[in-house]
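The residues making up each chain are set out below.
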Amino acid sequence: MKGWIILAIIGGILYYLYTQTDTLDEPISEVQGIYQQAEDKLDSMTGTQIQRIDDRVDLLKTDIADRLSTTEQQALKVITESQAKLNDFKGEFCGSGASSHSAFSKENQTYICDKLN
């Protein structure tokens, strides 16, 4: 009986932390990142044909590195991990009427899009 009460108290505390504070936001984000990496690795191991990201991306990374903040560099690293992520970025954040990316300044986003197209 005591075990159920303790479990209920722990569950209540976790629920409060999840819904009323941002204490668990970072750990949840990390777990989601690990899950995405595992999913990408699994996709590559299950026969999905690997597409090489072209040399423009490598040139972009070296060309823009000194212009980017640490946050922007991390976002660019994530975006260029796979062709699918790169295509998603170009589709959503490049072109007329594109959304503004949360990590990149408008100038850097435009520069990246110009170099990728």
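Summarised in this report is the structure supplied together with it. Computed from a predicted model, the values in this text were never measured in an experiment.

To continue, consider the environment of Lys115. Looking at the element boundaries, Lys115 is found in helix α6 (residues 106-116). It is 45 Å that separates the C-alpha atoms of Lys115 and Tyr16, two residues lying 99 residues apart in sequence. Excluding its chain neighbours within four sequence positions, the residues that come into contact with Lys115 are Arg56, Leu60 and Asp63.

Quick look at the nonpolar core now. The tendency in soluble globular proteins is for nonpolar side chains to be buried as a group. Among the nonpolar cores identified, the biggest contains 17 residues, and Leu60, Ile64, Leu76, Phe89, Phe104, Ile112 and Leu116 are the most heavily contacted of them. In terms of residues, this core owes the most to one element, α6, which gives four residues. When sequence neighbours within four positions are dropped, the list of residues in contact with Phe104 reads Leu68, Glu72, Ala75, Leu76, Ile79, Phe89, Gln109 and Ile112.

All told, the structure shown has two aromatic pairs when counted by the stated rule. Centre to centre, the rings of Phe89 and Phe93 are 5.4 Å apart; their planes meet at 35°, and the pair counts as tilted. On the criterion of helical spacing, the pair formed by Phe89 and Phe93 is a turn pair, its members being four residues apart in helix α5 (residues 83-93). For the ring pair Phe89 and Phe104, a centre distance of 6.0 Å and an interplane angle of 75° mean the geometry is edge-to-face. With Phe89 in helix α5 and Phe104 in the loop between α5 and α6, this residue pair connects regions lying 15 residues apart in the sequence. We note that Phe89, like Phe104, is buried. An aromatic cluster is present here, built from Phe89, Phe93 and Phe104 joined pairwise through their rings. A cation over a ring is seen here: Arg67 above Tyr111, with NZ or CZ 4.3 Å from the ring centre.

This next bit is on a nonpolar patch on the surface. There is a patch of nonpolar side chains on the surface, built from Met1, Ile5, Ile9 and Ile13 and spanning about 460 Å² of accessible area. Turning to its location among the elements, Ile13 is positioned in helix α1 (residues 2-20). Take Ile13: its relative accessible area is 46%, and that puts it in the partly exposed class.

Conventions and cut-offs
- Residues numbered from 1 in each chain as written.
- Predicted model: local features only at pLDDT ≥ 70, side-chain atom pairs only at ≥ 80, totals over all residues.
- Heavy atoms only, no water.
- Helix = DSSP H or I, 4+ residues; strand = E, 2+ residues; numbered from the N terminus.
- Contact = heavy atoms within 4.5 Å.
- Core = buried A, V, L, I, M, F, W, Y, C linked by side-chain atoms within 4.5 Å.
- Buried < 20%, exposed > 50% of the residue type's maximum accessible area, 1.4 Å probe, protein only.
- Phe/Tyr/Trp six-rings, centres within 6.5 Å; stacked < 30°, edge-to-face > 60°.
- Lys NZ or Arg CZ within 6 Å of the ring centre and 35° of its normal.
- Patch = residues over 30% accessible without salt bridge, like charges linked within 9 Å, V, L, I, M, F, W, Y side chains within 5 Å.
- Areas by Shrake-Rupley, 256 points an atom, 1.4 Å probe, with all protein chains shown as cover.
- Salt bridge = Lys/Arg side-chain N within 4 Å of Asp/Glu carboxyl O.

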